[in-house]
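# Structural description and commentary
This is what each chain is made of:
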2 protein chains.
Amino acid sequence: MSFTAYMLDVISDTIYPARITIENGIFKEVTPITVNEHELDKIDFKGLMIPGFIDSHIHIESSMVSPAQFARIAVRHGTTAVVTDPHEIANVLGIEGIEAMIENAEQVPFNFYFTAPSCVPATAFETSGAVLDSSDIEYLLKKDEIVALGEMMNFPGVINGDEEVHRKLALAREYGKPIDGHAPLVTREDLDKYLAGGISTDHECSNVMEALEKKLKGMKIMVRDGSSAMDMEGLFDIDEGAQSIDFSGPMELLFRDIFERKVYYPLFDFIVSDDKHPNDLLKGHLNLSIKKAVSLGIDLLKAIKMVTINPAYHYNLNCGAIVPGAQADFVIVDSIYDLNVLETYIGGECVFDGENVLFDAPEIESKNTVNASKKTASDFDIHYDGDECEVNVIECFDGDLLTKKTTAKLYVKEGIVQPDIYQDVLKIAVVERYGGNTVANAFIKGFGLKKGAIASSVAHDSHNIIVVGYDSQMMADAVNQVIDDKGGISVVSEDFADSLPLPIAGLMSNEDVYDVAKKLGILHKMVEVLGCKIEAPFMTMAFMALLVIPSIKISDKGLFDGENFEFMDVIIN
Amino acid sequence: MSFTAYMLDVISDTIYPARITIENGIFKEVTPITVNEHELDKIDFKGLMIPGFIDSHIHIESSMVSPAQFARIAVRHGTTAVVTDPHEIANVLGIEGIEAMIENAEQVPFNFYFTAPSCVPATAFETSGAVLDSSDIEYLLKKDEIVALGEMMNFPGVINGDEEVHRKLALAREYGKPIDGHAPLVTREDLDKYLAGGISTDHECSNVMEALEKKLKGMKIMVRDGSSAMDMEGLFDIDEGAQSIDFSGPMELLFRDIFERKVYYPLFDFIVSDDKHPNDLLKGHLNLSIKKAVSLGIDLLKAIKMVTINPAYHYNLNCGAIVPGAQADFVIVDSIYDLNVLETYIGGECVFDGENVLFDAPEIESKNTVNASKKTASDFDIHYDGDECEVNVIECFDGDLLTKKTTAKLYVKEGIVQPDIYQDVLKIAVVERYGGNTVANAFIKGFGLKKGAIASSVAHDSHNIIVVGYDSQMMADAVNQVIDDKGGISVVSEDFADSLPLPIAGLMSNEDVYDVAKKLGILHKMVEVLGCKIEAPFMTMAFMALLVIPSIKISDKGLFDGENFEFMDVIIN
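Structure report, in brief. (Residues numbered from 1 in each chain as written. Chains lettered and ligands numbered in written order. Predicted model: local features only at pLDDT ≥ 70, side-chain atom pairs only at ≥ 80, totals over all residues. Heavy atoms only, no water.)

### A few points about the relation of the copies chain A and chain B
- Taken as rigid bodies, chain A and chain B are interconverted by a rotation of 180° and an axial shift of 0.1 Å, the fit giving an RMSD of 0.1 Å. The transformation relating the two chain copies, once decomposed into turn and shift, fits a two-fold axis. When each C-alpha of chain A is compared by its distance to the rotation axis, Ile-11 of chain A comes out closest, at 2.8 Å.
- Looking at the interface residues of chain A, 100% of them are also at the interface in chain B, so both copies use one shared face. (Least-squares fit on C-alpha atoms with pLDDT ≥ 70 in both. Contact = heavy atoms within 4.5 Å.)

### Quick notes on the state of the cysteines
- Counted under the stated rule, the structure contains zero disulfides over all chains.
- Here Cys-389 of chain A stays free of any disulfide, with the sulfur of Cys-396 of chain A as its closest cysteine sulfur at 20 Å.
- Left without a disulfide partner, Cys-532 of chain B is nearest to the cysteine sulfur of Cys-396 of chain B, which lies 8.4 Å away. (Disulfide = S-S within 2.5 Å.)

### Some points on the interface of chain A and chain B
- At the junction of the two partners, chain A supplies 55 residues and chain B supplies 55 residues.
- Together chain A and chain B conceal approximately 4900 Å² of surface at their shared face, both sides included; 58% is due to carbon and sulfur atoms.
- Taken together, the connections running from chain A to chain B amount to two salt bridges.
- Where Lys-305 of chain A meets Asp-13 of chain B, a salt bridge forms, and the shortest distance between an N and an O atom there is 4.0 Å.
- Run the count over chain A and chain B and you get 16 residue pairs in polar contact (both at pLDDT 80 or more).
- Looking at the side of chain A that touches chain B, the element that brings in the most residues is helix α9 (residues 251-261) of chain A, giving six residues.
- By residue class, the composition of the side of chain A that touches chain B is 27 nonpolar, nine polar and 19 charged. (Buried area = accessible area lost by both parts, 1.4 Å probe. Salt bridge = Lys/Arg side-chain N within 4 Å of Asp/Glu carboxyl O. Polar contact = N/O pair within 3.5 Å; in protein donor to acceptor, adjacent residues only side chain to side chain. Helix = DSSP H or I, 4+ residues; strand = E, 2+ residues; numbered from the N terminus. Nonpolar A, V, L, I, M, F, W, Y, C, P; charged D, E, K, R; others polar.)

### A word on helix α5 (residues 163-174) of chain A
Residue and element names in this part refer to chain A.
- With 12 residues, α5 extends 16 Å between its outermost C-alpha atoms, agreeing within 8% with the 16 Å of an ideal straight helix rising 1.5 Å per residue.
- Among the residues of α5, those classed as buried are Val-165, Lys-168, Leu-169, Leu-171 and Ala-172. Along the long axis of α5, the arc covered by the buried residues comes to 155°, so they all point the same way. Among the exposed residues of α5, those oriented more than 90 degrees off its buried face are Glu-163 and Glu-174.
- Elements in contact with the buried residues of α5: α3 (134-141), β8 (146-152), α4 (155-159) and β9 (179-181). (Expected span 1.5 Å × (residues − 1). Buried < 20%, exposed > 50% of the residue type's maximum accessible area, 1.4 Å probe, protein only. Arc of directions from axis to C-beta.)

### Overview of the environment of Val-370 of chain B
Residues and elements named next belong to chain B.
- Note that Val-370 resides in the loop between β15 (349-352) and β16 (388-395).
- For the pair Val-370 and Lys-305, spaced 65 residues apart in sequence, the C-alpha to C-alpha distance is 42 Å.
- If we skip the residues at most four places from it in the chain, Val-370 touches Arg-433, Ile-465, Ile-483, Lys-486 and Gly-487.

### A few points about the layout of surface pockets
All names here are of chain B.
- When its volume is computed, the second largest pocket comes out at roughly 1200 Å³.
- If you go around the second largest pocket, you meet 44 residues; those closest to its centre are His-182, Pro-184, Leu-546, Val-548 and Ile-549.
- The set of elements that each furnish at least two residues to the lining of the second largest pocket consists of α2 (87-106), α4 (155-159) and α5 (163-174).
- Broken down by element, the residue count for the lining of the second largest pocket peaks at three residues, all from α5.
- Counted by class, the lining of the second largest pocket contains 21 nonpolar, 11 polar and 12 charged residues. (1 Å grid on protein atoms, 1.4 Å probe; cavity = no way out; pocket = protein on both sides within 12 Å on 5 of 7 lines; lining within 4 Å. Points joined across faces, edges and corners; volume = space filled by probe spheres on them.)

### Focus on the pairing of strand β8 (residues 146-152) of chain B
Residues and elements named next belong to chain B.
- With seven of its seven residues buried, β8 lies for the most part within the structure.
- Of the strand pairs in this sheet, strand β7 (residues 111-116) and β8 are connected by three bridges, and their pairing is parallel. Residue pairing across strands places Phe-114 opposite Ile-146, the latter belonging to β8.
- Note that the unit made of β7, helix α3 (residues 134-141) and β8 has a crossover that is right-handed. (Pairing = 2+ DSSP bridges. Right-handed = clockwise from strand over helix to strand, strands pointing away.)

### Regarding the side chain of Thr-201 of chain A
Residue and element names in this part refer to chain A.
- Within the element layout of this structure, Thr-201 appears in strand β10 (residues 201-202).
- For Thr-201, the side chain forms a polar contact with the side chain of Asp-180, separated by 2.8 Å.
- Discounting chain neighbours no more than four positions away, the residues touching Thr-201 are Ile-179, Asp-180, Gly-181, His-182, Met-219, Lys-220, Met-222, Phe-270, His-314 and Tyr-315.

### Looking at the pattern of salt bridges
- Evaluation of the coordinates by the stated rule reveals 46 salt bridges over all chains.
- When salt bridges with common partners are traced through the structure, they connect Asp-13 and Lys-305 of chain A together with Asp-13 and Lys-305 of chain B into a single cluster.

### Re unusual backbone geometry
- The omega angle of the peptide bond from His-460 of chain A to Asp-461 of chain A is -10°, so this bond is cis rather than trans.
- Position of Asp-461 of chain A relative to the elements: it lies in the loop between β21 (453-456) and β22 (465-469).
- In this structure, the amide linkage connecting Pro-550 of chain A to the following residue, Ser-551 of chain A, adopts the cis form with an omega of 5°.
- As for its placement among the helices and strands, Ser-551 of chain A is situated in the loop between α16 (537-543) and β25 (552-555).
- For Lys-486 of chain A, which is not a glycine, the phi torsion comes out positive at approximately 60°.
- Tracing the backbone shows Lys-486 of chain A in the loop between α14 (472-484) and β23 (488-492).
- Taking the relative accessible area as the measure of exposure, Lys-486 of chain A reaches 40% and is therefore partly exposed.
- Although it is not a glycine, Met-64 of chain B adopts a positive phi angle of roughly 60°.
- Among the structural elements, Met-64 of chain B can be located in the loop between β5 (53-58) and α1 (67-74).
- A relative accessible area of 11% means that Met-64 of chain B is categorised as buried.

### Re the sheet that holds strand β14 (residues 341-346) of chain B
All names here are of chain B.
- Reading across from one edge, β3-β2-β1-β4-β13-β14-β15 is the order of the seven strands in this open sheet, with mixed pairing throughout. Each edge of the open sheet carries a strand with a single partner, namely β3 (26-32) and β15. With strand direction ignored, the average angle separating the axes of adjacent strands in the sheet is 40°.
- Note: strand β4 (residues 48-51) against strand β13 (residues 330-333), four bridges, orientation antiparallel. The residue of β13 that forms the bridge with Ile-50 is Val-331. (Axes fitted to C-alpha atoms, helices over the stretch in contact; angles between N-to-C directions.)

This is the structure:
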């Protein structure tokens, strides 16, 4: 394959016409050419040729589709590679789940690079479907498909010298694979200890000062622009007060450039999505993030490097630039500024022709991972001996991982504590789905449901079944629908009921992302009809089980105090 | 040698702390490191480590000092390499001169890369000291020190198929060395023919449209910021009318970005100086040009790439980035923005410690290249039989290569045409200095000298002795001073006389650039006292012999009509 095109050289940051030869999926020759006046319109590609985009940190499970289906939508947006952490499926199915992901990924023309999930389960306060110990990590790190140790979320473990955690870090260093970080607001001596483990990236910075400290200490900074967490604006919003901080030594270098001159670009290395929900994924991927970064003050070519050559260089991937010897992954866009994708090529083959994606998505065989008996209304009752009682309540906020502890006085009827629509205090429960058949019940404020219930087997990070509702019977019905679907999302009320089955580990569908997004949209509408005020009810609900983010959450083992990292009682006495 | 530093990675465009090991002048290891809170001030270098700057097109002769002396001042400004075209000395001394430059260059720790001068002599209408034919070019292209064929100024020769010109181009292609261009305002079909010769760079663009056309046709664009020609502003000054031009096909790509969004950066590849006079060279070099480019809208890191990795990549130089395997040429600057040079290293050795340059400049043995007999006043007389006559006059403008043809009526005394101070019409002459002993006389307007004369052996491109003055005796004295000095610049009047000897080919001094600039400043003051209105009288005078730039010039063979490319008479009758 040989052709001419105007191409973007992300090493020199220029555009020039070139003759390009591809052999066996690899760029063989990239030769700058001169073009005759009358041959200008004979250049083979009408658009601009740029390297394919690389998302260097994404959990594909959040897109609710298989890797193969993810690839089919990603190539429409110019993405040709991802570094993906199969952390969610690992919590459900362990190595077996990771290998199913890899196997599915290998069947489509798309570059999936995996990381070995470092923190499965996330805490000891919940029941997960699997545990990955250091010997499992070693097994994974030996694989060519695994390019790094996945985000080390257990920063207390690193800082406090937890042996098993440090064994995992040592293995990654031994196998010469980079270690991804996850250290929100970790600073000073704690950050030093964290970094001493060899952790080299961070995608959790939420302000410039945090990014600055991490960058100065040698981390590579991932700017995150995803569905769950959108930190990008915060990273460009300089608090004037920060200028009074006393920097000295080499810190002064970047300090001056950033604060006095608003020169941000040397600070950031990658743009990542972390999580991309089906409906967001339909709209775009890194192509949109680049434009957003530019609108916030990042130089355009720098933004493009952050999703091409920079991640390729860091993770040692043979892509990310149009140079001889690299994989022939490239995109034809209408202009460097608009980045509308006209065609996408992977390994020299056209995979998206501007209208159609030219490959199919093989299915992942669905093994039932929902090992739970059917529930009845009484499973969701909280008992109290009295007429009224005071309870601890999780207060949640739309799309936010953080919650606030509050309390409410509730009426007790026939020994059962009653939710209260007028106070917007509903019931929430986590149903263990790995054979234990336990149910943990509590109360939640913020959802605004007036009737019915919603349930989901997507509940970070252990992915038990989580349910929110007013009525115990409806809650049982919603959970039973999820069980019937072998995992998924359900909405149940007196008037209607519907569900989105997610049979792959209770997290993903084999269906097209268009279909998944459409069904999710219908469910969202239904939840709205039930009175819910929250824009992303299932996502918000899924975070209610994420114990590592404060301040009050729930696992299958009970209501959890995220400040003191211990269980707490629902009823206050 | 091993140390830690915050370094600028010009591939990923980020700054990070790294441990760097240098062995035998080569970067052996560049490892990103993490830095402990309490070790931040233990980083070995207090400033930021960046790759040394590369000037990819400069004629060192314009700095009036030897390559070794040039190196001593350049390293103070962070320059560690130049691609230099020894075109001037080649016109005087041919291959012998080029080899003397190379030999001198090799004795100092600085990276000199030479090009083979493609156009010696510049025209057939002048007497030069040497001719470089295609066999000479082949001899030069075989040398490792020669990295390219020098700027092909003879664009009519390329366009019209001149055989000898095309033989030179073919040799460069055969030896796999790039060909530098020089094609001011060459456009459309002519540009196509020029490019078909394999010419890949241009440093003559004076407006965005010209750069755009050349870029779209595949040339690499050098933004020039030198002493003689300062095109930089023009390249960023978009004529609104240009927007009405009809672009189609791939041209539309850059067109939109440049005109609609003022996105310039993908358009330019290199920043070069072309010529740097001694006094300008004292002030700065590429460090200043980067800041100027930024002030005009070029992204800072892009500007740095234009003088580091981009030229290294194009000319196949093993420098320009801090990566394993590259020459350890680097600079410590106070900040990425201010670029004040704290230290400069070449091949891992410190060559400038912030105060002193740590190497000496060996001399080039001065062989007398001024082969001319002493002149008398009568050599500068123009005879006419009558009382008055009309003459053609060169009208010049301060620092401008372009001249305008004008005429004047002059009084004739005892058969000799007299200059006229009141009309500011002075005498100008070119004295052949290669043994022919001819003198060509004419008249010039614009200098404003009221008395005395100035002479110089720097007179582009053949470098005969050029002289301007009111009085024939003073002109003879000024020329004789240059002959006595074995080349140089002289000022002579009834009240004072002084000179700057340039004994290396009549172009350069072995002295320090500080001393040369100081003496040049004294001569400039003297010329001012003599009534001259021009700020750079010697430079302006040197251009009066540059026949290829219109519209009226003078060579040792006579007054020259640069529009019709033929000689013309001084006296109109």
